[in-house]
Structures are given as C-alpha cells and as structure tokens.
Amino acid sequence: MDLEAYAATHRPDWQRLDQLAKRGRLTAQEIDELVELYERVSTHLSIVQAQDPDGVDANRLSLLIARARAKLTAASGSPAAGIKSFFAVKLPYALYQIRWLTIVLGTAFFAVALAYGFWYGNNPHMFDAMMPEEFQIAYVEEDFVDYYSENPAASFTTLVWVNNAWIALQEVAFGITGFFVPYVLWVNAQGLGISAALMHKYDELGTFFAFITPHGLMELTAIFIAGAAGLRVFWAWVAPGRATRLQSLAYWGRQLILVGIGLIGVLLISGLVEGLVTPSNLPTWAKITIGALVLAAYWAYTWILGSRAAAANADADLDEYDGGRQLVTA
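Owing to the predicted nature of the structure, the values given are computational and were not obtained by experimental measurement. (Residues numbered from 1 in each chain as written. Predicted model: local features only at pLDDT ≥ 70, side-chain atom pairs only at ≥ 80, totals over all residues. Heavy atoms only, no water.)

Enquirer: Quick question: what am I supposed to make of the overall build of the protein here?
Expert: Scanning the protein for helices and strands turns up 13 helices and zero strands. Beginning at the N terminus, the succession of helices and strands in the protein can be written as α-α-α-α-α-α-α-α-α-α-α-α-α. For the protein, the residues scored as buried account for 41% of the 330 residues in total. The contacts of the protein with a sequence gap of at least 6 include a subset with a gap of at least 24, amounting to 78%. Within the structure as shown, the protein displays about 17300 Å² of accessible surface, and the carbon and sulfur contribution to it stands at 65%. (Helix = DSSP H or I, 4+ residues; strand = E, 2+ residues; numbered from the N terminus. Buried < 20%, exposed > 50% of the residue type's maximum accessible area, 1.4 Å probe, protein only. Contact = heavy atoms within 4.5 Å. Areas by Shrake-Rupley, 256 points an atom, 1.4 Å probe, with all protein chains shown as cover.)

Pasting the structure below:
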C-alpha cells in the first residue's frame, strides 16, 4: 500500500480531529463528530502501524488519538474514578503479571539462604575466621534483638521504610542490566543464612525466627516484587516478542512505575510491622500470625483482583487504540 497516497486521502479527517481535540468547548454536534472521527482515525492508525509502525505518520496519529481520547474523557472522568481504577485494576494487574517471577525469585532466595545456613551451621569454626568469639556472642545476645528496639517505634519504622525502599529502588533502577537483581538477592540471602547459622550456634535460632518472621514475610516479598519488575524490563529488550524493542521497553517501563508506586505502600506496611509488632511484647505466635496475615492480604489482593482484571482483558496501560500502540502482552 502507498502510505503517502493513503495519508493524503485521509489527512482532512486527521486535521479535523486535531481541531476538535484542541478546541476548548464543544457543542453536542461537535462531540458526536469527535467520537466518529476518533473511531475512524483509530482504524487509520492500525492500518498505518501495520505498514510502518515507527514512521512519522504512525507517531503523529498516536499523539492525535491520545489527545482526542483525553478530550473525550475529560468531562466524564473524575479523580475518584481514577483512584478506584488504579487500586482495583491497574496496580493489581501490574503485580499479577509478574507474580510467577516474584515467586521464582523468592524460592531461589530462600534456597540460597538455606544452603548458606546449612553450610555455616555444619562448620561453626568458619565464624571464628570472620570475627572474634566475643563479637559473635555480642551479636547473638545483644545486637540482634536491640536492633529492633533501640530506637523509638516511629523513627525506627521510618528508618526501615527508607532503607527497604532504597534497596527496592536500586532493583527497579538497575534491573534492566540483568545482573544487579540476582547480585542483590544473593548477597542478602547469604547474609540471612549466615545470621541464622550464627544464632543456631548459640542455641538462639528460635529468637532469630521470632524477630525475623513477623515483618520479614512481607518485607522480603516486596524485595522480590521489585526484583521481578526490574528483571521484566531487562527481558523486554532481550526478547521483545511481536512488539518492537522500543515498544516493549516502553510498555514494561510503565508497568515498572505502577509497581514502584505500589511498593511504597507495601514497604510502609512491612515497616510498621517491623517497628511496632516485631519488638512488641506480644506472644511470638501472635506476631508471626500478624506477619502471615499481611502477606496473605497482599497475595489475595494481587491474585484475586489481578486475575479478575486479566479475565476481563483489562490492562495496566492504555488500550491499544488509546495509547496508539500495538498491545504487548505478558
């Protein structure tokens, strides 16, 4: 097909749609015309993209469709509806898309931690090469527990939140490299396993789990989520699928932003548990139950609402015509 001839034939419709989309206030007749042209030009866009997806006309029409769509929804949309859509559809669907990668990273993390725990646990002399015995005892009897109670709960919660957010941010920012996320998870899994082995050496493994488990269930899951989102962007440019590499990167980059916003809330909740529940005088079973309920609530939110959005063919991004792109699926 001759794209130049096609563009020349339909350019009057494009120009008219552009005029209506830029106009401040429209009459009822102009709104009807805008809707009709929006649908017509959307079809033109799909045809142009099929011939030249990264061409000038495709890019111009993509912007035009997006502007027209914003015009159509400006009057009927509301902040409340946007917030509801974000938390009920977009965010859970974005998390749902990376659910299996999140689980894989978590499984690998605990496998590494368990391996280091058994290794150091069966070779306790290795700790002597790392630190003097008095330092080991100080860590087990004082430092480990005092870490959770030496600061006021409010300030400690903020400190934990910022620290965990920083780790998640690094995974999100450098996940595209492909190696940073595995490196961060390996180092943290190694540290967790060695700490458990050291506590076990002095018969304090129960204390270790009593202080790690309540907040660690959700806190570590948040780190796995951030890692999964970062690695998904890495895979977007390695194997973009039917989309172009730029389209794939753009799509998953937008999903990364959604996940990042969601992680702010997730890490805040885990920080509250670590600051208020972990060092509290509640029975160990009660603290662990609270942590387990928080984790269960996250997965219920992700799986139930996310699967519902997937079944309804919803998307955490603009629709194909509205965004001026070919749909990229997981």
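Enquirer: Looking at this structure, I do not really get the UniProt feature "transmembrane region" (unreviewed entry) in the protein. What am I missing?
Expert: UniProt records the feature "transmembrane region" (unreviewed entry) at residues 100-121, 165-187, 208-235, 255-273 and 285-304, using the numbering of this structure. Between the C-alpha atoms that bound residues 165-187 there is a distance of 17 Å. The span itself is 78% helix and 0% strand. (UniProt positions renumbered as here; feature names shortened; annotations may be inferred.)

Enquirer: Teacher, can you tell me more about a nonpolar patch on the surface here?
Expert: Residues Trp 100, Ile 103, Trp 303 and Ile 304 make up a contiguous nonpolar surface patch of about 390 Å² in total accessible area. Only α5 (99-122) and α12 (284-311) provide two or more residues apiece to the nonpolar patch. The topology assignment puts Trp 303 in helix α12. (Patch = residues over 30% accessible without salt bridge, like charges linked within 9 Å, V, L, I, M, F, W, Y side chains within 5 Å. Salt bridge = Lys/Arg side-chain N within 4 Å of Asp/Glu carboxyl O.)

Enquirer: Whenever I open this one, α12 confuses me. Can you help?
Expert: Since the α-helix turns once every 3.6 residues, residues separated by three or four places project in the same direction. In this model α12 runs 40 Å from its N-terminal to its C-terminal C-alpha over 28 residues, within 8% of the 40 Å that 1.5 Å per residue would give. Those residues of α12 that fall on the buried side of the exposure criterion are Ala 286, Lys 287, Gly 291, Val 294, Leu 295, Tyr 298, Thr 302, Gly 306 and Ala 309. Of the residues one or two after α12, Asn 313 is the one with positive phi, at around 60°. (Expected span 1.5 Å × (residues − 1).)

Enquirer: Would you mind going over the nonpolar core with me for this structure?
Expert: Note that soluble globular proteins tend to have their nonpolar side chains buried in a common cluster. In terms of nonpolar packing, the biggest core is built from 57 residues, with Ile 98, Leu 105, Tyr 120, Leu 185, Ile 225, Val 259 and Leu 263 touching the most fellow members. The element contributing the most residues to this core is helix α10 (residues 205-238), with 16 residues. Dropping the residues within four chain positions of it, Leu 105 is found in contact with Val 181, Leu 185, Phe 224, Gly 227, Ala 228 and Leu 231. Counting 18 residues, the second-largest nonpolar core is a separate cluster that includes Trp 14, Leu 17, Leu 26 and Val 48. (Core = buried A, V, L, I, M, F, W, Y, C linked by side-chain atoms within 4.5 Å.)

Enquirer: Is there a simple way to explain the packing of aromatic side chains in this structure?
Expert: Inspection of the entire model under this criterion finds 19 aromatic pairs. Seen in terms of ring centroids, Tyr 96 and Trp 303 are 6.0 Å apart; in terms of plane orientation they differ by 85°. Their pairing is edge-to-face. Of this pair, Tyr 96 sits in helix α4 (residues 79-97) while Trp 303 is found in helix α12, placing the two residues 207 residues apart along the sequence. Looking at Tyr 96, the relative accessible area reads 13%, which means it is buried. (Phe/Tyr/Trp six-rings, centres within 6.5 Å; stacked < 30°, edge-to-face > 60°.)

Enquirer: Would you take a moment to explain the side chain of Gln 97 for this structure?
Expert: Among the structural elements, Gln 97 can be located in helix α4. Within the structure, the side chain of Gln 97 is placed 3.5 Å from the side chain of Gln 255, a separation counted as a polar contact. (Polar contact = N/O pair within 3.5 Å; in protein donor to acceptor, adjacent residues only side chain to side chain.)

Enquirer: How should the confidence of the model for the protein be read in this particular structure?
Expert: For the protein, mean pLDDT is 83; residues scoring 70 or higher make up 87% of the total. Between the elements of the protein, mean pLDDT differs from a low of 41, seen in helix α13 (residues 320-323), to a high of 96, seen in α5. Counting interchain partners and residues more than four positions distant, the pLDDT-below-50 stretch residues 318-330 has 33 contacts. (pLDDT = per-residue confidence, 0-100.)

Enquirer: I tried to follow the pattern of salt bridges on my own but got confused; where do I start?
Expert: Evaluated as defined, the whole model comprises eight salt bridges. The partner of Arg 67 in a salt bridge is Asp 18, with the nearest N and O atoms 2.8 Å apart. In this pair, Arg 67 is assigned in helix α3 (residues 56-74) and Asp 18 in helix α1 (residues 3-22), connecting sequence segments 49 residues apart. Accessibility expressed as a relative area gives 34% for Arg 67, which makes it partly exposed. Classification of Asp 18 as partly exposed rests on a relative accessible area of 22%. As a salt-bridge pair, Lys 201 and Asp 128 come within 3.7 Å of each other at their nearest N and O atoms. Of this pair, Lys 201 sits in helix α9 (residues 180-201) while Asp 128 sits in helix α6 (residues 125-130), and the two are 73 residues apart along the sequence. With a relative accessible area of 47%, Asp 128 lands in the partly exposed category. When salt bridges that share partners are traced, they join Asp 13, Glu 36 and Arg 40 into one network.

Enquirer: I would appreciate a short explanation of the packing of α9 against α10 in the present structure.
Expert: How two helices sit against one another is set out by the angle between their axes and by the gap between those axes. One can describe the packing of α9 onto α10 by two numbers: an axis separation of 11 Å at closest approach and a directional angle of 175°. As far as their axial angle goes, α10 and α9 are roughly antiparallel. Two secondary-structure elements touch here, α9 through Val 181, Pro 182, Leu 185, Leu 192, Ser 195, Ala 196, Met 199 and His 200 and α10 through Leu 205, Thr 207, Phe 208, Ile 212, Leu 220, Ile 223, Phe 224, Gly 227 and Leu 231. Tallied by class, the residues present in the contact of α9 with α10 amount to 13 nonpolar, four polar and no charged. (Axes fitted to C-alpha atoms, helices over the stretch in contact; angles between N-to-C directions. Parallel < 35°, antiparallel > 145°, perpendicular 65-115°, else oblique. Nonpolar A, V, L, I, M, F, W, Y, C, P; charged D, E, K, R; others polar.)

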